[in-house]
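Read off the chains here:
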Amino acid sequence: MARIRGKATRPELLVRQTVRALGIGYRLNRRDLPGSPDLVFMGRKKVIFVHGCFWHQHGCKLTGKAPQKRAEYWAPKLKRNVKRDQEAQQRLEELGYRALTIWECEVSSPSLPERIAKFLKT
Ligand SMILES: [Zn+2]
């Protein structure tokens, strides 16, 4: 899929760093939860997804266009990613979890720590 299994992307590392700075513990990539969220906060029943803009089709300027070559290969693949994300969110909700999605293009935003703190502490 979007990455090599077990290898964290740069946006993921930045988000982890931010969460650690808030002094909040987390677990990584719980495969027993829908969508294998990147960060899981068991006691709080909250999860954070860190999504690459291209792979998860954010629609921002980082998303870019699907490669012209082999469009017939990329289009359904990307569409499946989006559908899978939606299904995971819904299933998490049914399990009583709240999910926050942080996009690749948002990780350097100065307001990110505040956003994460707000999500985790309320
Ligand atoms: Zn984006």
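If you're wondering where the values come from, they're calculated on a predicted model, not measured in any experiment.

Asks: Run through the coordination of the zinc ion, naming residues and quoting values.
Replies: Ideal geometry at a metal centre gives angles of 109.5 degrees when four donors are arranged tetrahedrally and 90 or 180 degrees when six donors are arranged octahedrally. Surrounding the zinc ion are the protein donor atoms C53 (SG), H58 (ND1), C60 (SG) and C105 (SG), which sit 2.1 to 2.4 Å from the metal. Considering all 4 donor atoms around the zinc ion, angles at the metal cover 100 to 121° and the coordination shape is tetrahedral. Residue C105 is classed as partly exposed on the basis of its relative accessible area of 35%.

Asks: Lay out the side chain of S36 in plain terms, naming residues and giving numbers.
Replies: You can see S36 is positioned in the loop between β1 (27-28) and β2 (39-41). Those residues in contact with S36 that lie beyond four places of it in its chain are N29, R30, R31 and F49.

Asks: So, the packing of aromatic side chains: which residues are in play, and what are the values?
Replies: In the structure shown here, the tally under the stated rule is 5 aromatic pairs. A ring pair is formed by F54 and W74, whose centres lie 5.7 Å apart and whose planes are at 65°; its orientation type is edge-to-face. You can see F54 sitting in the loop between β3 (46-51) and α2 (71-94) and its partner W74 sitting in helix α2, a full 20 residues away along the chain. The exposure class of W74 is buried, given its relative accessible area of 16%. Both rings, one in W55 and one in W74, keep their centres 5.6 Å apart while their planes meet at 65°; by these two values the pair is edge-to-face. Of this pair, W55 sits in the loop between β3 and α2 while W74 is found in helix α2, placing the two residues 19 residues apart along the sequence. Through successive ring pairs, a cluster of aromatic residues spans F54, W55, Y73 and W74.

Asks: So what's going on with the sheet that holds β2? Which residues, and what values?
Replies: In spatial order, the strands read β1-β2-β3-β4; together these 4 strands make up an open sheet with mixed pairing. At either margin of the open sheet sits one strand with a lone partner, and together these are β1 and β4 (98-103). In this sheet, β3 lies alongside β2 in antiparallel orientation, the contact comprising 3 bridges. The residue bridging F41 from the neighbouring strand is K46, located in β3. Seen against the sheet, helix α1 (residues 10-21) touches β1, β2, β3 and β4 and runs at an angle of roughly 145° to β3. Of the strands in this sheet, β2, β3 and β4 touch helix α3 (residues 112-121), which is tilted by about 170° from β4.

Asks: Describe the packing of α1 against α3, listing the residues and the values that go with them.
Replies: Between α1 and α3, whose axes approach to 10 Å, the crossing angle comes to 65°. Between α1 and α3 the crossing geometry is right-handed. Between α1, through V15, T18 and V19, and α3, the contact on the second element is made entirely by L112, P113 and I116. Taken together, the residues of the contact of α1 with α3 sort by class into 5 nonpolar, 1 polar and no charged.

How each quantity is defined
Residues numbered from 1 in each chain as written. Predicted model: local features only at pLDDT ≥ 70, side-chain atom pairs only at ≥ 80, totals over all residues. Heavy atoms only, no water. Donors = N, O, S within 2.8 Å, 3.2 Å for Na, K, Ca; no water. Tetrahedral: all angles 85-135°; square planar, octahedral: opposite > 155°, others 65-115°. Buried < 20%, exposed > 50% of the residue type's maximum accessible area, 1.4 Å probe, protein only. Helix = DSSP H or I, 4+ residues; strand = E, 2+ residues; numbered from the N terminus. Contact = heavy atoms within 4.5 Å. Phe/Tyr/Trp six-rings, centres within 6.5 Å; stacked < 30°, edge-to-face > 60°. Pairing = 2+ DSSP bridges. Axes fitted to C-alpha atoms, helices over the stretch in contact; angles between N-to-C directions. Left-handed = near helix turned anticlockwise from the far one by under 90°. Nonpolar A, V, L, I, M, F, W, Y, C, P; charged D, E, K, R; others polar.

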